[in-house]
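Listed here are the chains, written in short residue letters.
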Amino acid sequence: MDEDEDVPPSLVLAEGTDAAEAKLSTDLSETKTPKVPITIITGYLGAGKTTLLNYILTAHHGKRIAVILNEFGNTSDIEAKSITVSQNNTQATEWLDLANGCICCSVKDQGVNAIESLMDREGSFDYILLETTGLADPGNLAPIFWVDEGLGSTIYLDGIVTLVDAKNFERSLDRPVGNEVVDVDAEGPGQHTGQHLSTAHLQISHADVVIVNKADLVTIPDLDAIKSRVRAINGLATIEVTDHSRVPKLEGVILDLHAYDHVTAENLDFASKGHSHLDTAIGTITLTGAALTHRTDLDRIDAWLRSVLWEHSLPEVLDSVDKLDNWEIFRMKGRVPFRDGRIKILQGVREIFELADGISDQHAETTEDLKVVLIGRNLAQSAIAAAFQSSWASICSQNINQHK
Ligand SMILES: Nc1nc2c(ncn2[C@@H]2O[C@H](COP(=O)(O)OP(=O)(O)OP(=O)(O)O)[C@@H](O)[C@H]2O)c(=O)[nH]1
Ligand SMILES: [Zn+2]
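As recorded by an unreviewed UniProt entry, the protein carries the name CobW-domain-containing protein and is attributed to Polychaeton citri CBS 116435. Taken from UniProt, the Catalytic activity (unreviewed entry) comment for the protein reads in full: "GTP + H2O = GDP + phosphate + H(+)".

Next up, the structure:
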């Protein structure tokens, strides 16, 4: 996630360069202040996002929570956008000047800087909640807040919570992104599904938690069907069912998830169970392999990820690759263990990925297998799933061959 770092931040600040100086001094100082988690709350129009925020703000949590209403969820037609932080009935607004330069770079630098400068002025928060617009694609937002450790940012992305309107669930999934119809019917006439990629699909596919809200408006069998379809789209997310967004508890359910650093073996096991093909537009697949032995094994996996995510090319798959071009990866998580007990945690959103040191479950030699879960467009289609599996298998067989 370091491609944008050359672009100098050009945040327009009301008061000189306070934030820049503050950032510099935090970068240089040895003592680290605890980072503030940010949770992105997304969901289709009217799903219950504001209701959830109000519920969280009135619940007894003992946290100083800042709420940001996102104005930059849709990155078209941007000249200048504000972010507004409300807390205890006072509001503070920070303007982002996005007039020039690459919008995603500007938003990345400025979105984070704007929040940091607000914290400098208003005092720090314990938690930040960001409500996106109903049509926002969280895949564009997550990388803004998934900041490199090395940047010394004071905030970190804790997770993405997606609300689903149980009453209008099917309808929101059938509504294509914008006016564009994304055809997923790539396998010829026999495979026609009629399913399109919708904003609701994108929101569910990026979620760490899916809240199926408005449970009061549907029957129990309806709820079960909705849960199954959510699970088919995103095998990694946990699902909560609510009435008026009243989640059973906050901690660990929607707050403090650490969804962008922790990946447990249970998370991944869960995702690889129960393959359903209720939804073919977006699906979840699991790639497995043996624990690694050498550093070069990891390099090979790193190269595979770069090829797939950055070049859209599946290594070692020569057959009809051109026919398999309609896939896209939205989210990935994985655990990459070494036999000596070390482990790397894989996290990815869109083309950004990270293989970071993890804390092993094991104390000595590991018995855990390597496991990577991918969520993306058309991944569950049989030809594409098969191509991924064979590409992955050939990388893993090279790992083993080398050790002979
Ligand atoms: N019956 C019922 N109504 C609900 C429930 N949750 C929210 N609502 C109502 O649904 C409407 C939309 O809720 P909001 O919380 O404003 O939804 P939102 O996602 O913030 O909407 P936008 O910001 O417009 O996209 C409001 O009138 C809520 O009172 C629920 O569980 N059951
Ligand atoms: Zn709202």
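Now that the structure is up, let's keep going.
(A) Just the packing of aromatic side chains, in detail. Using the criterion set out here, one finds four aromatic pairs in the structure. Each ring, one from W304 and one from F388, has its centre 6.3 Å from the other, and the planes form 75°; the classification is edge-to-face. Highlighted residues: W304 in helix α9 (residues 295-310) and F388 in helix α10 (residues 382-402), separated in sequence by 84 residues. One exposure class covers both W304 and F388, and it is buried. Residues W304 and W392 carry aromatic rings whose centres are separated by 5.0 Å and whose planes lie at 80° to one another, so their mutual orientation is edge-to-face. Taken as a pair, W304 in helix α9 and W392 in helix α10 lie far apart in primary sequence, 88 residues in all. Taking relative accessible area as the criterion, W392 reaches 2% and is therefore assigned buried. Each residue in the set W304, W327, F388 and W392 is aromatic and connected to the rest through ring pairs, giving one cluster.

(B) Main features of unusual backbone geometry. The backbone phi angle of S245 is positive, close to 60°, even though this residue is not glycine. With respect to the element layout, S245 can be found in the loop between β8 (238-241) and α8 (265-272). The exposure class of S245 is buried, given its relative accessible area of 0%. Phi at H312 is positive, roughly 55°, even though this residue is not glycine. Taking the relative accessible area as the measure of exposure, H312 reaches 33% and is therefore partly exposed.

Calculation criteria
Residues numbered from 1 in each chain as written. Chains lettered and ligands numbered in written order. Predicted model: local features only at pLDDT ≥ 70, side-chain atom pairs only at ≥ 80, totals over all residues. Heavy atoms only, no water. UniProt positions renumbered as here; feature names shortened; annotations may be inferred. Phe/Tyr/Trp six-rings, centres within 6.5 Å; stacked < 30°, edge-to-face > 60°. Helix = DSSP H or I, 4+ residues; strand = E, 2+ residues; numbered from the N terminus. Buried < 20%, exposed > 50% of the residue type's maximum accessible area, 1.4 Å probe, protein only.

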